[in-house]
Number of protein chains: 2
Amino acid sequence: MSRSYFSNIEHAAHNTTFPLTDVIEQLNFNEQGLIPVIAQDYATKNVLMQAWMNREALEKTLACGRMVYWSRSRQCFWEKGATSGHTQALIDMAFDCDGDVILCQVEQIGAACHTGRPACFYLKVDAALKQVRIEGDASA
Amino acid sequence: MSRSYFSNIEHAAHNTTFPLTDVIEQLNFNEQGLIPVIAQDYATKNVLMQAWMNREALEKTLACGRMVYWSRSRQCFWEKGATSGHTQALIDMAFDCDGDVILCQVEQIGAACHTGRPACFYLKVDAALKQVRIEGDASA
């Protein structure tokens, strides 16, 4: 992993290309070999969830066109929707400027959240009232 | 930190509220005391960047209404835009179902990315061509 790799390419002009395998090689996986992945609904642009991938999960995702995460709690691959049917088809993927976050546009079937809510970010902060409000009812 | 706290409240009905200080107390900060924070443009819904906060940065952000991150590379608070002028006003904040990610809607002044590009996710993956393409020119 190398932040200098990403510093070196950051001034490359619009539409410059690099081999995907080279960039993946340089991604900044953390000390557990993981990188955060944001899943955004490609149609509504709602942020659905954030999870983690290791390099093999990333390669599986690219190969099969469906989101495959690494479950930190279960320590195994987690093909989103494999049991629930709530799959995420990969529409687009991008890396950030220092190669330590992945953003994926996905087509979400059903609910992204295990509670049955459409997205995981249903704990809404009201800073003025100093409250957190639940948005939506659980259905799972 | 407690995943069980979030499991316990996940079936609470729509509009149930909890004290903000209680929820913050239970957030799953990692072993470095940090939690990932996604910044999304509240108007365009583009995902601008992901950075990190510790508890104090979160409290500063809520108190001042502008995004204050923790810089892992510099090991200090990082008030977004303090030197560049490219501030992020906090519009809305939400926590995810297991309390380990924060999503913020922000009003971004200028560029979110240090390269001068509007957002940090300018390394676009073309899975078919096995390439990464730079989107946009750097201006900083």
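Refer to the structure presented above.
Keep in mind it's a predicted model, so treat the numbers as computed, not measured.

Quick notes on the rules
- Residues numbered from 1 in each chain as written.
- Chains lettered and ligands numbered in written order.
- Predicted model: local features only at pLDDT ≥ 70, side-chain atom pairs only at ≥ 80, totals over all residues.
- Heavy atoms only, no water.
- Least-squares fit on C-alpha atoms with pLDDT ≥ 70 in both.
- Contact = heavy atoms within 4.5 Å.
- Buried < 20%, exposed > 50% of the residue type's maximum accessible area, 1.4 Å probe, protein only.
- Helix = DSSP H or I, 4+ residues; strand = E, 2+ residues; numbered from the N terminus.
- Pairing = 2+ DSSP bridges.
- Phe/Tyr/Trp six-rings, centres within 6.5 Å; stacked < 30°, edge-to-face > 60°.
- Lys NZ or Arg CZ within 6 Å of the ring centre and 35° of its normal.

Undergrad: How should the relation of the copies chain B and chain A be read in this particular structure?
TA: Mapping one chain copy onto the other needs a rotation about an axis and a shift along that axis. Take chain B, turn it by 180°, move it 0.0 Å along the axis, and it overlays chain A with an RMSD of 0.0 Å. The relationship between the two copies is best expressed as a two-fold rotation axis. Taking the C-alpha atom as reference, chain B places Lys45 of chain B closest to the rotation axis, 3.0 Å from it. Looking at chain B, 100% of its interface residues are interface residues in chain A too, so the copies touch through the same face.

Undergrad: Hey, could you run me through the pairing of strand β4 (residues 68-71) of chain B in this one?
TA: Every regular strand shows the same layout, with side chains that alternate between the two sheet faces. Residues and elements named next belong to chain B. Because side chains alternate across β4, one face comprises the buried residues Val68 and Trp70, and the other comprises Tyr69 and Ser71, equally buried. Two strands pair when backbone bridges link them, and β4 and strand β5 (residues 76-79) are joined in this way by four bridges, in the antiparallel orientation. Directly across from Val68, in β5, lies its bridge partner Glu79. If you look at the hairpin formed by β4 and β5, you'll find four residues sitting between the two strands, and Gln75 has a positive phi there, around 55°.

Undergrad: Mind showing me how you'd approach the packing of aromatic side chains here?
TA: Geometry of an aromatic ring pair is reported as the spacing of the ring centres plus the angle between the planes. One pass over the structure, following the stated rule, counts six aromatic pairs over all chains. Geometrically, the ring pair formed by Tyr5 of chain B and Phe6 of chain B is edge-to-face, given 5.1 Å between the ring centres and 85° between the ring planes. Taking the relative accessible area as the measure of exposure, Phe6 of chain B reaches 1% and is therefore buried. Above the face of the Phe77 of chain A ring, Lys60 of chain A is positioned so that its terminal group lies 4.7 Å from the ring centre. Here the guanidinium or amino end of Arg117 of chain A rests over the ring plane of Tyr122 of chain A, the centre of that ring lying 4.0 Å away.

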